[in-house]
Number of protein chains: 2
Amino acid sequence: MDRLQVHVPGKTYEVILSDGLRHQLDDYIEKAYSSVLIIADQQVADLYLNDITNSLKDREQVFQKVIPAGESSKSFEWYKKLLDYCVECRLDRKSLIIALGGGMIGDLAGFVAASYLRGVSFIQLPTSILAHDSSVGGKVAINHEEGKNLIGAFYHPDKVLYDTETIRTLPLKEKRSGYGEVVKHALLSDEGWFSEVVTRRLDSLSSEEVRADLIRGIELKASIVERDEKESDVRKHLNLGHTLAHAIEAELHYHSLTHGEAVVIGTLFALHVSGLNDSYQKLLEWAKDNDYPLDVMADMDVHALVDRMKMDKKAEKGQINYVLMEGVGLPYVTRLDEKRLVQSLKHFKSEVRE
Amino acid sequence: MDRLQVHVPGKTYEVILSDGLRHQLDDYIEKAYSSVLIIADQQVADLYLNDITNSLKDREQVFQKVIPAGESSKSFEWYKKLLDYCVECRLDRKSLIIALGGGMIGDLAGFVAASYLRGVSFIQLPTSILAHDSSVGGKVAINHEEGKNLIGAFYHPDKVLYDTETIRTLPLKEKRSGYGEVVKHALLSDEGWFSEVVTRRLDSLSSEEVRADLIRGIELKASIVERDEKESDVRKHLNLGHTLAHAIEAELHYHSLTHGEAVVIGTLFALHVSGLNDSYQKLLEWAKDNDYPLDVMADMDVHALVDRMKMDKKAEKGQINYVLMEGVGLPYVTRLDEKRLVQSLKHFKSEVRE
């Protein structure tokens, strides 16, 4: 078992990683909660909801709500339905909401927890690699038709309980998605870890590799969030690859490629614009070897992408803030003007096509 | 001009009270905001929106959204519409949302500001007496069909700018509503102020009286919020009169009586249950003299009220937490069981009818 601590203003919470943790869940959750609502997506519920409810069977007042899997459930509609369900279950201020699933569920259930009765307790049970990123740091949100995560809050969980066993059974596409954030974290961290990550073969990952990468990722994320919870400074670096990624995802209506896959494309583009050729080539090769869907760039309308980027939460007065790299471990934020962005995107499109 | 400061964890903000402040608004609002969205209700907009936009005429990117007056606009539907409008105006993280109006607008626009892009800046321009209470303390929310303020956040404004001139033109019903919170604050504070407040004739209030009461009310509220922002302790005392008030309002579907009017009834009930006969009689007389609609109690179904109270945000495990008084200035929180509550309500109904 591994235990990490995350410190944010006014709160410290633990991230616990352990194989099979879901079966001993009851030991990790205080008895004082008046009731528990588990929110899960259908896919994860089919696999693990029974284990969870079994583990909590000695408690009174355990409710559950299963919603359709996929980013399209991170909507205003589901936000409202879940709040209605909280009211229906008469959850009170001492209630706990458990988010069982990947980043989508964590974001959605987290925003419900943040806003129901102006905030109730909230525990994350991530079941994906990607969620190692989203479950730490307190960003919760839903999507708006016009863009990802446009509505939300900063709201930290009481705990993150990571059953690392649940990762083994992930489909390859999900591993690719998770490693999108892992490789981003490695690039933000240091050359050593980055060089290691680009040796990973995602179709034959060992438990030890995943666990080591998760822990390093969470440590990096926690150390950044501790210094800058509200993203006024260094936390911005975590957006490496995300400005383009969000635009691509929106253009594809959150279908056909996963968030982490989009992040790899966005990160490649950031390295390209940064002129870090070595790292760019390493990442490109690794992405190709592991079947990242780089070909989606071919059909992208560059101007449509730029319009989306101007709508990004991090944009200010229509100017696009971009995270670039001086070198591995050396990110910085800069404003890119529209013209340069259009040119670079055109160039990048032709590069990745080859 | 009067200036008061409110200190909460991580933030200090000012409350500025001044006659005619709306004409000099531009002087009080920093230039750094990338854009401004003014949210007002129709009634207030008709009176003051022109003054506000005139005062801000030298700024680029000033947007406005006028919504129907009344508590029924504090809905999920309007919350979504306002967020849509934020997106449509391309508000960014450096944008400012101004809430121009009473408590309804402050709560609604405040929750929009709290959740759009996970939080943008927010300034309150209260135009009612009641809003002296709601504009200080950071509670923002919308209503759910099943109860008031069930969805929201703790989110503090950057400033509260109080144009005390706007209060003079308030209709008597609004003054009654405002003085519901004033008299509650006085009761929580001390006998001297309480005895003063119950001499106020609401149909002939002087500017000096209102201003003095507002400042004392804001001071009391600020001092409580500073000690207990998240309502785990002394802030609960501010719910004096509110448990019953919310139930009455919900039973009447937020029509026919105002929040402050309901609070006076709720506060009377709390004094009744507390056995503080002297204060009860003083408040009752004052309420009658000033035409508070005490007669709504006559048609209330006691059991329906109790069911509503069990749904109150402050209820825990179905137990109703109630603020009672040992004496003026000496509130405490206790749990009332359902039976006692039903009996007391029946008794109270017959008492106020006389």
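Residues numbered from 1 in each chain as written. Chains lettered and ligands numbered in written order. Predicted model: local features only at pLDDT ≥ 70, side-chain atom pairs only at ≥ 80, totals over all residues. Heavy atoms only, no water.

As named in an unreviewed UniProt entry, chain A is 3-dehydroquinate synthase, taken from Salimicrobium flavidum. Check the Sequence similarities (unreviewed entry) section of the UniProt entry for chain A; it says "Belongs to the sugar phosphate cyclases superfamily. Dehydroquinate synthase family." (UniProt positions renumbered as here; feature names shortened; annotations may be inferred.)

This part is about the sheet that holds strand E5 (residues 96-101) of chain A. To summarise the sheet geometry, strands pair through backbone hydrogen bonds and adopt either a parallel or an antiparallel arrangement. Residues and elements named next belong to chain A. Strand order in the open sheet formed by seven strands is E1-E2-E9-E6-E5-E3-E4, with mixed pairing between adjacent strands. Here the strands that pair on one side only, and so sit at the sheet edges, are strand E1 (2-8) and strand E4 (62-67). Across the sheet, the axes of successive neighbouring strands diverge by a mean angle of 15°, strand direction being ignored. Pairing between strand E3 (residues 36-41) and E4: six bridges, direction parallel. Opposite aspartate 41, over in E4, you have isoleucine 67 as the bridge partner. Contacts between helix H2 (residues 42-55) and the sheet are confined to E3, E4, E5 and strand E6 (121-126), with E3 contributing the most and set at about 150° to the helix. The sheet strands contacting helix H4 (residues 103-115) are E3, E4, E5 and E6, and the helix crosses E5 at an angle near 165°. (Pairing = 2+ DSSP bridges. Helix = DSSP H or I, 4+ residues; strand = E, 2+ residues; numbered from the N terminus. Axes fitted to C-alpha atoms, helices over the stretch in contact; angles between N-to-C directions. Contact = heavy atoms within 4.5 Å.)

What follows deals with the relation of the copies chain B and chain A. Overlaying chain B on chain A yields an RMSD of 0.0 Å, the required transformation being a rotation through 180° with an accompanying axial translation of 0.0 Å. Expressed as a symmetry operation, the mapping of one chain copy onto the other fits a two-fold axis. Here 100% of the contact residues of chain B are again contact residues in chain A; the copies associate through an equivalent surface. (Least-squares fit on C-alpha atoms with pLDDT ≥ 70 in both.)

Within this structure, the stated rule accounts for 13 aromatic pairs over all chains. Judged by centre distance (5.2 Å) and plane angle (35°), the rings of A:Trp286 and A:Tyr292 are tilted. Across the pair, A:Tyr292 and A:Trp286 agree in class, each one buried. The cationic tip of B:Lys65 hangs over the ring face of B:Tyr85; the distance from NZ or CZ to the ring centre is 4.6 Å. Lying over the aromatic face of A:Phe76, B:Lys80 brings its terminal NZ or CZ to 5.2 Å of the ring centre. (Phe/Tyr/Trp six-rings, centres within 6.5 Å; stacked < 30°, edge-to-face > 60°. Buried < 20%, exposed > 50% of the residue type's maximum accessible area, 1.4 Å probe, protein only. Lys NZ or Arg CZ within 6 Å of the ring centre and 35° of its normal.)

Contacts between chain B and chain A engage 36 residues on the former and 36 residues on the latter. Across the chain B to chain A interface the summed buried area is about 3300 Å²; carbon plus sulfur atoms make up 60%. In this structure, B:Glu231 and A:Arg93 form a salt bridge, with 3.5 Å as the shortest nitrogen-oxygen distance. For the interface between chain B and chain A, the tally reads twelve residue pairs in polar contact (both at pLDDT 80 or more). Elements that contribute at least two residues to the side of chain B that touches chain A include exactly helix H3 (76-88), helix H4 (103-115), strand E7 (139-144) and strand E8 (147-154) of chain B. Of the residues contributing to the side of chain B that touches chain A, the split by class is 16 nonpolar, five polar and 15 charged. (Buried area = accessible area lost by both parts, 1.4 Å probe. Salt bridge = Lys/Arg side-chain N within 4 Å of Asp/Glu carboxyl O. Polar contact = N/O pair within 3.5 Å; in protein donor to acceptor, adjacent residues only side chain to side chain. Nonpolar A, V, L, I, M, F, W, Y, C, P; charged D, E, K, R; others polar.)

Turning to the sheet that holds strand E4 (residues 62-67) of chain B, a few remarks are in order. All names here are of chain B. Strand order across the open sheet formed by seven strands is E1-E2-E9-E6-E5-E3-E4, with mixed pairing between neighbours. The sheet is open, and its two edges are formed by strand E1 (2-8) and E4, each paired on a single side. Geometrically, the sheet is characterised by an average inter-axis angle of 15° between neighbouring strands, direction not taken into account. Along the sheet, helix H2 (residues 42-55) contacts strand E3 (36-41), E4, strand E5 (96-101) and strand E6 (121-126); its crossing angle with E3, the most-contacted strand, is approximately 150°. Here H3 sits on the sheet and contacts E3, E4 and E5; the angle it forms with E4, its principal contact strand, is near 165°.

Of all six residues that make up strand E7 (residues 139-144) of chain A, six are buried, and the element is covered over most of its length. Counted along the chain from E7(A) to the antiparallel partner strand E8 (residues 147-154) of chain A, the turn is two residues long.

With that settled, consider the environment of B:Gly137. All names here are of chain B. Structurally, glycine 137 can be placed in the loop between helix H5 (131-134) and E7. According to the relative accessible area criterion, glycine 137 is buried, its value standing at 0%. C-alpha of glycine 137 to C-alpha of glutamine 281: the two residues are 144 residues apart in sequence and 31 Å apart in space. When neighbours within four sequence positions are excluded, glycine 137 is seen to be in contact with Tyr13, His156, Lys221, Val225 and Arg235.

Residues and elements named next belong to chain A. One way to put it is that helix H13 (residues 302-310) packs onto helix H14 (residues 338-353) with a least axis distance of 10 Å and a crossing angle of 130°. One finds that H13 runs oblique with respect to H14. In the crossing of H13 with H14, the sense of the turn from one axis to the other is right-handed. Here Val302, His303, Leu305, Val306, Met309 and Lys310 of H13 come into contact with H14, specifically with Glu338, Leu341, Val342, Leu345, Lys346 and Lys349. Partitioned by chemical class, the residues of the contact of H13 with H14 number seven nonpolar, one polar and four charged. (Parallel < 35°, antiparallel > 145°, perpendicular 65-115°, else oblique. Left-handed = near helix turned anticlockwise from the far one by under 90°.)

Further remarks concern the packing of helix H11 (residues 259-274) of chain B against helix H12 (residues 277-289) of chain B. Residues and elements named next belong to chain B. Viewed as axis vectors pointing N to C, H11 and H12 meet at an angle of 155°, and their least axial separation amounts to 9 Å. Between H11 and H12, the angle is such that the two are roughly antiparallel. In this structure, H11 meets H12 at a crossing whose hand is left-handed. Residues Val264, Thr267, Leu268, Leu271 and His272 of H11 form the contact with H12, whose participating residues are Ser279, Tyr280, Leu283, Leu284, Trp286 and Ala287. Class assignment for the residues of the contact of H11 with H12 results in eight nonpolar, three polar and no charged.

Glancing now at the UniProt feature "binding site: Zn(2+)" (unreviewed entry) in chain A. Residue and element names in this part refer to chain A. Per the UniProt record, "binding site: Zn(2+)" (unreviewed entry) is found at Glu181, His242 and His259. The annotated residues occupy 79 residues of the chain but converge on a single region, no pair of C-alpha atoms lying more than 9.9 Å apart. Along the chain, glutamate 181 falls in helix H7 (residues 172-189). A relative accessible area of 1% places glutamate 181 in the buried class.

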